[in-house]
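# Reading the structure
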Amino acid sequence: MKRFLLFFLILFPLLAPGEVTLPKVIGDNMVLQQGKPVKIWGNAEPGERVTVNFEGKNYSTVTNAAGEWAVMLNNPDIRKEPQQMTISGNGDKIVLNNILVGEVWLASGQSNMEYSMNNHPQYRKPQKGDPDYQTKEFLNADNPLIRVLYVKKDIKSDTLPSDGWQMIDTATLSPVSAPAYFFAKKISADLGVPVGIISTSWGGTPIEQWTPMEGYVNSDFEGEIVDGKLDKQTIAQRFDKMVRPVIPYTLKGFLWYQGETNLINGDTIRYADKMKVLVDSWRGMWGDKNNTMPFYYVQIAPHTYSRRRNERDSVRHDEYGLPLFWEVQSLAQDIPNTGMIVTTDLVDALHDIHPPYKWIVGERLARLALAKDYGREGLVYSGPVYKSSTVSGNKLTLTFDHIGKELKTRNGENPDWFEISGADGIFYEADAVIAGNKIILSSDEVPNPVAARFAWHENAMPNLVNSEGLPAVPFRTKDRFEWSYNK
């Protein structure tokens, strides 16, 4: 009899009456999103009453037939001092400690987002400024208002592959995305609020693997899906294990740094359509019916893609594949409540696909959020963006948005990487001069210019910036892709 009882307890340890369980994303040290209804959820026995107590308020519910329960906290206010949450069932109680209320962002993508605070030895140190800047930031990080939840690279786990929310030190911050951490650091410093970052990325992964299958239903891609794959990529392979278990944890928004693999695989205009599916589906999974959750992303950096080839698909690249991809990434800003930062000035070696200046990436992403979501009026959050062009004689004049106080160059010289063409469509290097808030282009080879392009080459690391030092967005004035979010 004793042997049978022991056998029973080993096989069925989860049948203890009144046991309440929580997902890994809910626990000690977590940051709850301020100003929004916050869902707290878990499991218990079917029909069991579960009560959540937070800040002196009780929220009660009864589990459904599957033992699932959820309550909504009423728009909690910012809390910098640690709070406690108690979750009680029939004879069972869980106490969660050291909880803050502030801003919560999820950061995802491939290796340039995965690029960790304790960056891997093979990554190059920056050649400009302090080569040990990130290392020093990593070793000295101790802000109690910043919390991190790192999702491990594991697609075999049955639960979220994470050790949960952590306060930051050299152990907990080591694997966390550097762009995401520096984003959090600037947001917390500028607003004086707690910030929680969910870091979930995987190097070399295409966008399809981060997109839920539900997103492709009724999309332009639905008819192309074969055996759960699109363009030979397994849909949702990373999403299902590394993002879905986080849902519906209440977030402010998303950070995204990905695209290199899709470019290598041959994507151009299709990437904007895939971005649309990704953004819409993520927002939908979080119940954001009005597409208001911000989604900010990074335009990939200059790199010699023409020297790479995807042998499996026999995809070959020339020097203009990257600027075409840049154009598509720019067009994806047509998706509501999105924004993009440019990184053409953050490369030391064109053959290195992992630029080291991740603190600048994080700070630029934070500028977007501060300007668009946190009310920082007048904050310049983008580099110069092409607006219009006019032709007078042999000169072509360009105007720009997002110039701040003025257009200028990083090195004090005339703007570079501008080209113009005549009606024959052949482009020649242009002489470019800044005239007030405009740029005037000319070339002895083009007496009657009709078109211009800027940074239209994979090697382009142009010097044009605005008064805030933010780099101009690559563009062309003619033959641009036609793409609309509402098509």
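Residues numbered from 1 in each chain as written. Predicted model: local features only at pLDDT ≥ 70, side-chain atom pairs only at ≥ 80, totals over all residues. Heavy atoms only, no water.

One open sheet holds the 4 strands; their spatial order is β22-β21-β25-β27, and the pairing between them is antiparallel. In the strand order of this sheet, the two ends are held by β22 (427–429) and β27 (475–476), each with one partner. Summarising the sheet, strand β25 (residues 451–454) and β27 pair through 2 bridges and their orientation is antiparallel. Its bridge partner lying in β27, Arg 453 is registered against Arg 476. (Pairing = 2+ DSSP bridges. Helix = DSSP H or I, 4+ residues; strand = E, 2+ residues; numbered from the N terminus.)

Taken together, the side chains of Glu 429, Asp 431, Asp 444 and Glu 445 present a region of like negative charge at the surface. Turning to its location among the elements, Asp 444 is positioned in the loop between β24 (438–442) and β25. The exposure class assigned to Asp 444 is exposed, which follows from its relative accessible area of 82%. (Patch = residues over 30% accessible without salt bridge, like charges linked within 9 Å, V, L, I, M, F, W, Y side chains within 5 Å. Areas by Shrake-Rupley, 256 points an atom, 1.4 Å probe, with all protein chains shown as cover. Salt bridge = Lys/Arg side-chain N within 4 Å of Asp/Glu carboxyl O. Lys, Arg positive; Asp, Glu negative; His and termini not counted. Charge placed at Lys NZ, Arg CZ, Asp CG, Glu CD. Buried < 20%, exposed > 50% of the residue type's maximum accessible area, 1.4 Å probe, protein only.)

Taken as a whole, the protein shows an average pLDDT of 94; of its residues, 95% reach a score of 70 or greater. Confidence over residues 1–15 falls short of pLDDT 50; this stretch has 3 contacts with residues more than four positions distant or in other chains. (pLDDT = per-residue confidence, 0-100. Contact = heavy atoms within 4.5 Å.)

Moving on: the environment of Ile 94. Positionally, Ile 94 belongs in strand β7 (residues 93–109). Along the chain, Ile 94 and Ala 189 lie 95 residues apart, while their C-alpha atoms are 32 Å from each other. Those residues in contact with Ile 94 that lie beyond four places of it in its chain are Val 20, Leu 22, Met 85, Thr 86 and Ile 87.

Here strand β21 (residues 418–421) shows no split at all, with Phe 418 and Ile 420 on one side and Glu 419 and Ser 421 on the other all buried. Direction of pairing for β21 relative to β25: antiparallel, over a ladder of 4 bridges. Opposite Glu 419, over in β25, you have Arg 453 as the bridge partner. Linking β21 back to β22 in an antiparallel pair, the connection comprises 5 residues, with Gly 425 at a positive phi of about 75 degrees.

Attention shifts here to the sheet that holds strand β18 (residues 385–392). Strand order in this open sheet of 4 strands is β18-β19-β24-β23, and the pairing throughout is antiparallel. The sheet is open, and its two borders are formed by β18 and β23 (431–435), each paired with just one other strand. Each strand of the sheet is rotated relative to its neighbour by a mean of 25 degrees, with strand direction disregarded. Where strand β19 (residues 395–401) and β24 come together, 4 bridges link them in antiparallel fashion. In the sheet register, Thr 399 faces β24, and the bridge partner there is Lys 438. (Axes fitted to C-alpha atoms, helices over the stretch in contact; angles between N-to-C directions.)

Turning next to the environment of Pro 302. With respect to the secondary-structure elements, Pro 302 resides in the loop between β14 (295–298) and β15 (309–310). As a C-alpha pair, Pro 302 and Glu 406 span 104 residues in sequence and 25 Å in three-dimensional space. The contacts of Pro 302, once residues within four sequence positions are left out, are Leu 322, Trp 326, Thr 343, Thr 344, Val 347, Leu 350, Glu 458, Ala 460 and Met 461.

What follows deals with the pairing of strand β6 (residues 79–88). Sheet topology places strand β3 (residues 49–54) next to β6; 4 bridges connect them, and they run antiparallel. Bridge assignment links Thr 51 to a residue of β6, and that residue is Ser 88. Bridge analysis of β6 against β7 gives 6 bridges, and the strand direction is antiparallel. Bridge pairing in β7 links Thr 86 to Val 95. Linking β6 to β7, which pair antiparallel, is a turn of 4 residues; within it Gly 91 sits at a positive phi near 80 degrees.

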